[in-house]
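Listed below, chain by chain, are the residues.
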Amino acid sequence: MTRHRVRVPALRGKMTLGPAETRHLHVLRLRPGDEVRVFDGQGAEARATVLELDESRAVLELGEETAGASETPFPLTLAVALLKGDKLSEVVRAATELGVARIQLLVTARADAREIGEQKLTRLRRVAQEASKQSRRAVVPDVLSPIPLGALHWTGRLFVAQPGAAQRLGDLLDWTAPVTVLTGPEGGLSDPEVAGLLERGAQSVTLGPRILRAETAPVALLGAIAAYGA
């Protein structure tokens with residue numbers, strides 16, 4: 001069974017790849033006649049055969065569709081406060097592996113950063129794509145530009161990780177609607193921010209008795225969801 005996976009814009013009979021994905025095929029030392037798996041980032045995946053391969057262009061022929069990694073019953077969104085340095089890259093990578101459908105970056109009162117450059121946003125999206133390949137998902141999560149916390153809108157249920165909360169995520173999660181989970185920055189969300197979210201229908205959940213770092217909390221929350229069999 002082939003282990004090599006390539007993202008394509010759409011699954012069609014014959015697909016021509018541009019320079020970036022063609023370089024990836026060269027790195028994998030593939031040749032005409034070799035088989036790869038192709039996925040469109042929206043959930044569709046299939047086998048394909050390399051027909052042509054030169055320095056800047058590759059042509060693939062579509063084969064039979066295959067099942068990708070299972071997804072959550074309804075879309076799962078991670079809303080996460082902006083973090084300094086390379087912390088967001090690690091969060092995006094882990095969140096992709098753990099099954100999120102999109103990642104919404106947030107500007108909060110205590111956020112480590114107030115904005116993010118287009119170059120870094122592009123890099124985060126590339127991290128999501130590479131993590132999807134590695135984890136054999138057929139979905140590449142959207143990484144959305146930062147918005148103020150007050151501008152966040154959600155469909156279904158929103159769970160906010162909050163120290164001291166009484167309820168556990170596993171006692172509330174029933175997958176009857178889309179799910180959004182939200183984690184704050186170092187120092188946490190402010191009391192008015194939490195109160196505003198709860199007034200709008202969010203529910204606060206505990207991550208246990210310890211105080212987690214801002215880059216650890218989203219991974220712990222998503223890991224809890226994965227552990228409950230989603």
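On a predicted model such as this, the values are computed, not experimentally measured, just so you know.

(A) Structural view of the confidence of the model for the protein. Per-chain confidence: the protein averages 88 in pLDDT, with 96% of residues scoring 70 or above. When mean pLDDT is compared element by element in the protein, strand 7 (residues 102–107) scores highest at 97, while strand 1 (residues 5–7) scores lowest at 81.

(B) Just the sheet that holds strand 11 (residues 203–205), in detail. Here 6 strands make up an open sheet; going across it, the order is 8-7-6-10-9-11 and the pairing parallel. In the strand order of this sheet, the two ends are held by strand 8 (142–148) and strand 11, each with one partner. The average angle at which neighbouring strand axes cross in this sheet is 25°, direction not considered. Strand direction decides the pairing type here: strand 6 (residues 76–81) and strand 7, joined by 5 bridges, are parallel. Among the inter-strand pairings, Ala-81 is bridged to a residue of strand 7, identified as Leu-106.

(C) Region of the structure containing the pairing of strand 7. In terms of residue burial, strand 7 counts as a mostly covered element, since 5 of its 6 residues are buried. For the segment spanning strand 6, helix 2 (residues 87–97) and strand 7, crossover handedness is right-handed. Sheet analysis places strand 7 next to strand 8, joined by 5 bridges and oriented parallel. Its bridge partner being in strand 8, Leu-106 is matched across the sheet by Ile-147. Since strand 7 and strand 8 lie parallel, the crossover through helix 3 (residues 118–135) that links them has a hand, and here it is right-handed.

(D) Up close: the packing of aromatic side chains. Taken as a whole and judged by the stated rule, the model has 0 aromatic pairs. If you follow Arg-5 out to its NZ or CZ, it ends over the ring of Phe-39, 4.3 Å from the centre.

(E) Region of interest: the pattern of salt bridges. For the structure on display, the rule yields 14 salt bridges. Asp-171 is the salt-bridge partner of Arg-168, the closest N and O atoms lying 3.2 Å from each other. A single network of salt bridges, built from pairs that share partners, joins Arg-5, Arg-37 and Glu-45.

Criteria and cut-off values
Residues numbered from 1 in each chain as written. Predicted model: local features only at pLDDT ≥ 70, side-chain atom pairs only at ≥ 80, totals over all residues. Heavy atoms only, no water. pLDDT = per-residue confidence, 0-100. Helix = DSSP H or I, 4+ residues; strand = E, 2+ residues; numbered from the N terminus. Pairing = 2+ DSSP bridges. Axes fitted to C-alpha atoms, helices over the stretch in contact; angles between N-to-C directions. Buried < 20%, exposed > 50% of the residue type's maximum accessible area, 1.4 Å probe, protein only. Right-handed = clockwise from strand over helix to strand, strands pointing away. Phe/Tyr/Trp six-rings, centres within 6.5 Å; stacked < 30°, edge-to-face > 60°. Lys NZ or Arg CZ within 6 Å of the ring centre and 35° of its normal. Salt bridge = Lys/Arg side-chain N within 4 Å of Asp/Glu carboxyl O.

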